[in-house]
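Remarks on the overall topology
What follows is the residue order along each chain.
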Amino acid sequence: MATAAVKLKILPESPDTDLEEIKKHGKTKIESHKGVLSSYIEEPIAFGLKALIAVIAWPEEKDTELIEQCFLGIPGVSSVDIIDYRRALG
C-alpha cells in the first residue's frame, strides 16, 4: 500500500473567513479517512484574501475527490484544487 503526498489550495469565501476553523475541521475530516494532514501554509492572494495550502499524506488507493469533498463541506470554503500529487512511499 503506497502513500501519496497531496498538496491542496483551499480558497475561503472572503477575507473575513476564519482560517483557523477551516484548518481544524479539515484536519479532523482528513484523519477520519486515514489521511495525515502534515501542514498548512497561508498564501496571500489579494486584498487581504489568503489561500490555505494543505500538505496531506493520503493512501494512494483512495480517490483524491474524497480529499476535495472533505474541505468543500466546511463552511466558509469557496473552492479546493489539487495543485500537486506524487507518490511519497511505496
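Everything here concerns the structure above.
Residues numbered from 1 in each chain as written. Predicted model: local features only at pLDDT ≥ 70, side-chain atom pairs only at ≥ 80, totals over all residues. Heavy atoms only, no water.

Thoughts on helix 1 (residues 19-32)
With 14 residues, helix 1 should reach 20 Å at 1.5 Å per residue; the first-to-last C-alpha distance of 20 Å fits that figure. Listing the buried residues of helix 1 in full gives Leu19, Ile22, Lys23, Gly26 and Ile30. Down the axis of helix 1, the smallest arc covering the buried residues is 100°, so these residues share one side. Summarising the geometry of helix 1, the exposed residues directed more than 90 degrees from the buried face are Thr28 and Ser32. The N-cap of helix 1, judged by a side-chain oxygen 3.1 Å from the amide nitrogen of Glu20 a few residues on, is Asp18. (Helix = DSSP H or I, 4+ residues; strand = E, 2+ residues; numbered from the N terminus. Expected span 1.5 Å × (residues − 1). Buried < 20%, exposed > 50% of the residue type's maximum accessible area, 1.4 Å probe, protein only. Arc of directions from axis to C-beta. Polar contact = N/O pair within 3.5 Å; in protein donor to acceptor, adjacent residues only side chain to side chain.)

A closer look at the nonpolar core
Of all hydrophobic cores here, the largest spans 19 residues; its most connected members are Leu8, Ile10, Ile30, Ile56 and Phe71. Every element with two or more residues in this core is listed here: strand 1 (3-12), helix 1, strand 2 (36-46), strand 3 (49-59), helix 2 (65-72) and strand 4 (77-89). Once you skip the residues sitting within four places of it in the chain, Phe71 turns out to touch Leu8, Ile10, Ile22, Gly26, Ile30, Leu37, Tyr40, Ile56, Val77 and Val80. (Core = buried A, V, L, I, M, F, W, Y, C linked by side-chain atoms within 4.5 Å. Contact = heavy atoms within 4.5 Å.)

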